[in-house]
Every structure is written in C-alpha cells, then in structure tokens.
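Coordinate analysis (summary)
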Amino acid sequence: ADLDLQAVHDEMVAVAYEAGRMILAANPADIDTGTKLNSVDIVTEVDKGVEKMVSTRLAAALPSVAFMGEETYKPGMRLGPEPTFVVDPIDGTVNFVHSLPGACISLGLAVDRAPAVGVIYNPWQDLLFTAIKGRGAYMTRLKGTPPQKLPLAKAPRPLEGLGTALVAVEWGSGRDGPNFELKTDVFKKLAGSRDIGGSMVHSLRSMGSAALNLAAVAAGQLDAYWEGGCWAWDVCAGWCILDEAGGRMASGNPGDWHPALEGRVYLAVRGAPSGQGELIEEFWGVIGD
Ligand code: IPD
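Residues numbered from 1 in each chain as written. Predicted model: local features only at pLDDT ≥ 70, side-chain atom pairs only at ≥ 80, totals over all residues. Heavy atoms only, no water.

**Side note on the packing of aromatic side chains**
Put simply, the rule reads: Two rings from Phe, Tyr or Trp (for Trp, the six-membered ring) form a pair when their centres sit within 6.5 Å of each other. Planes less than 30 degrees apart are called stacked, planes more than 60 degrees apart edge-to-face, and all others tilted. Secondary structure counts use DSSP, requiring at least four H or I residues in a row for a helix and at least two E residues in a row for a strand, with both numbered from the N terminus. Note on exposure labels: buried denotes an accessible area under 20% of the residue type's maximum, exposed denotes more than 50%, and partly exposed covers the range between, all computed with a 1.4 Å probe on protein chains only.
Overall, the coordinates contain 10 aromatic pairs when judged by the stated rule. Where Tyr-17 meets Tyr-121, the ring centres are 4.7 Å apart and the plane angle is 70 degrees; that geometry is what we call edge-to-face. Pair noted here: Tyr-17 is in helix H1 (residues 5-25) and Tyr-121 is in strand S6 (residues 114-122), with a separation of 104 residues, a long-range link. Grouping residues by exposure puts Tyr-17 and Tyr-121 together as buried. Seen from their ring centres, Phe-187 and Trp-226 are 6.3 Å apart, and the 90 degrees between their planes marks the pair as edge-to-face.

The following block contains the structure:
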C-alpha cells in the first residue's frame, strides 16, 4: 500500500523532538567520544544512542520502511528504491562535542532514491524545519507556535547573483589529497575573486552542519551552500526542504545515492523567481569546473 506521507512526517517530527530532548540532556564533557575514518570524523555515544532510539521508534510505528543511519552504516550498503529512512542522529557532531550549539537531528525519507519527506530539528534553538514532497516546506521556531512557510517572508532581497551572496562552505572530515586541494581551492576562489560582476561574494560561512546549511538556504538566510563530499544522511532531509522551498540542488544525484558520496559535489541555491541558472553558471565560472 502507498505510504501516507503526512502520517510518516508526523511520526518523524515526534521522533525528532524526542531526539532533541536526548541531545540536550547530554553533557558533552562527560561522554565517550570515538573516531571513524580519521581523527576528525567523530562519533559519540549520544550519536549512537539517538540513532538507536530513532530506529527503534520508527520501526515500531512504520515497520514496512527500511532504515539507513550514519552510525549503523556499513561499507557496501546501498540505498534502494523502497521507502527508506535516511538518518543522521547528530548532524554537527564536532559542534556538539565542543558544546557549540549548532547541530541538529536530520531525518529524511527517501522513496525511489529521491527525498520525499524531510525533518530537521535544532534543539538548542527549538527550531524545526519540515517538508513533504509536493506540499511545501515550513519552519517552526518554538514548539507549539504556528509554522512559517519557507522561504521566510522576511528573507533578504531577491537573489541577485553570486556578487551579493552569502555562501556556506564546509571543511568536512575528508582533508587530504585531491579532496583537500579541491576544498581549499574553491574557498580561496570564492572568498577572493573580485571578478563576480565586478564584486566578491559577501562572505563565506562554515556553521558545521550540512543539514542546517540546507535549511538556512531553504529559508532564504543563506544564498548558496557548496560542499565537496556529503553522505546521503547529511542531505536527504535538507534536500526535500530545499526543493519544497523553491531552491535547487545542483550536481547532486538523487537517482544514484550511494551513501559514500565522497567526491560528489553539491551546490544548493535558494529560491529565485527567475530560477537559479545564472548563479549556478557564475559559480562554476568562478571555481572553474
Ligand atoms: C558532517 C557535518 C559537516 C559536514 C560533513 C558532515 P556529522 O556531519 O554536516 O558540517 O561538513 O560533510 O558529514 O559528521 O556531524 O554528522
């Protein structure tokens, strides 16, 4: 039977709030921290505990939906066409271990390998972003208050182009070889080029959470977000929210979501009445694709 996406969304929101309570209850100073691919690819017992709670609750409520989570992912796992929850229990783990309050739970549902529902929750700000494919994207600033439609009515001026843009970029944990060269080269070109319609990007931001970057682009608070190498759980929820807010993900590849997305370059651009084509072209022009 077809999934009732509204019911799935409502369950995901309830689970996200529960995850938020767990994250806020933890004291980063007291928790065990380990590493995965390298010394800056960090995982804590809270990431694992939240993922366990999320997978258990979602399996009980929606047993027909498959599950893929950052902390239980094993090399070789592939995202299939069947409805699958794609979950990052704490997106922004490095911020979390430093008690910098910019992290979230990112809960996506993929159907046919494309994002269908997205729920992102930052518990420090009690800030919830949600979307269901075809039904718009919303932000709720405090639990119980009315959701605001995205992009926000108070978003800044219309997107003009890269020359007046605020652009998020991230270091991620892959920082060697060609991956590192690509990142530093792009950062340098974006920050320093005076050749973008005679000006430069307003500035670059690195807030430490792919999902929160995508949500901010969807809201209209950032103009674009570039990252060279993300995983499916970093982007599934945010991608749905971005799409539903009229934004666009360029160079992603929803039809072939191998979770090992290293090397895959993402550029998310916020909604614009005349489309995002020009900014995307300017962007590739500056960084030289
Ligand atoms: C990471 C964060 C980071 C981004 C990485 C992600 P994690 O997720 O979103 O900002 O640069 O690509 O993997 O490890 O905190 O869940």
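There's more to say after this.
**Focus: the pairing of strand S7 (residues 127-132)**
Short version of the rule: Paired strands, as defined in this entry, are two strands with at least two bridges between them according to DSSP.
Most of S7 is tucked away, with six of its six residues classed as buried. Of the two faces of S7, the one holding Leu-127, Phe-129 and Ala-131 and the one holding Leu-128, Thr-130 and Ile-132 are both buried throughout. Bridge count between S6 and S7: six bridges; the pairing is antiparallel. Residue pairing across strands places Gly-118 opposite Ala-131, the latter belonging to S7. Once S6 ends, the chain turns through four residues before running back antiparallel as S7, passing Asp-126 with a positive phi of about 45 degrees. Judged from the four bridges that link them, S7 and strand S8 (residues 137-140) form a sheet pairing that is antiparallel. Bridge pairing in S8 links Phe-129 to Met-139. Between S7 and S8, which pair antiparallel and follow one another directly, the connecting turn spans four residues, one of which, Gly-134, has a positive phi of 85 degrees.

**Some words on the environment of Gly-285**
Mapped onto the fold, Gly-285 is located in helix H7 (residues 277-287). Sequence separation between Gly-285 and Ile-196 is 89 residues, and the spatial gap between their C-alpha atoms is 9.1 Å.

**A closer look at the domain arrangement of the protein**
Buried accessible area, meaning the area lost when the parts come together, often serves as the stated size of an interface. Quick note on the threshold: What marks off one domain from the next here is an automatic or database domain assignment. Two parts placed together each lose some accessible area under a 1.4 Å probe, and the buried area is that loss summed for both. For salt bridges, the criterion is a side-chain nitrogen of Lys or Arg within 4 Å of an Asp or Glu carboxyl oxygen. N or O atoms closer than or at 3.5 Å make up a polar contact, with two conditions inside protein: a donor-capable atom paired with an acceptor-capable one, and, for residues adjacent in sequence, both atoms drawn from side chains.
We note that the domain assignment places domain 1 (5-149) and domain 2 (162-287) within the protein. Here the C-alpha centroids of domain 1 and domain 2 sit 21 Å apart. Buried area between domain 1 and domain 2, both sides added, is near 2700 Å², and the carbon and sulfur share of it is 68%. On the surface where domain 1 and domain 2 come into contact, there are zero salt bridges. Counting the contacts that link domain 1 with domain 2 gives eight residue pairs in polar contact (both at pLDDT 80 or more). Taken together, the elements giving at least two residues each to the side of domain 1 that touches domain 2 come down to strand S3 (66-69), strand S4 (84-91), strand S5 (104-111), S6 and S7.

**Some thoughts on the site of the ligand**
Test applied: For this description, a residue counts as near a given molecule or strand if any of its non-hydrogen atoms is within 4 Å of it. All accessibility values rest on the Shrake-Rupley procedure with a 1.4 Å probe; residue burial counts only the protein chains present in the view. Detection works on a 1 Å grid of protein atoms alone, calling trapped sets that fit a 1.4 Å probe cavities and calling open sets with protein on both sides within 12 Å along at least five of seven lines pockets, with lining residues defined by an atom within 4 Å of a point. Think of it this way: if more than half of a molecule's atoms are within 2 Å of a pocket's grid points, that molecule is in the pocket or cavity.
Near the ligand, the surroundings consist of 14 residues, among which Asp-88, Asp-91, Gly-92, Ala-210 and Glu-227 are the closest. Between the ligand and the protein, one listed contact pairs an oxygen atom with a side-chain N or O atom of Asp-88 at 2.7 Å. Across the complex, the protein chains shield 88% of the 380 Å² of accessible surface that the ligand would expose by itself. Here the ligand is seated within the largest pocket.

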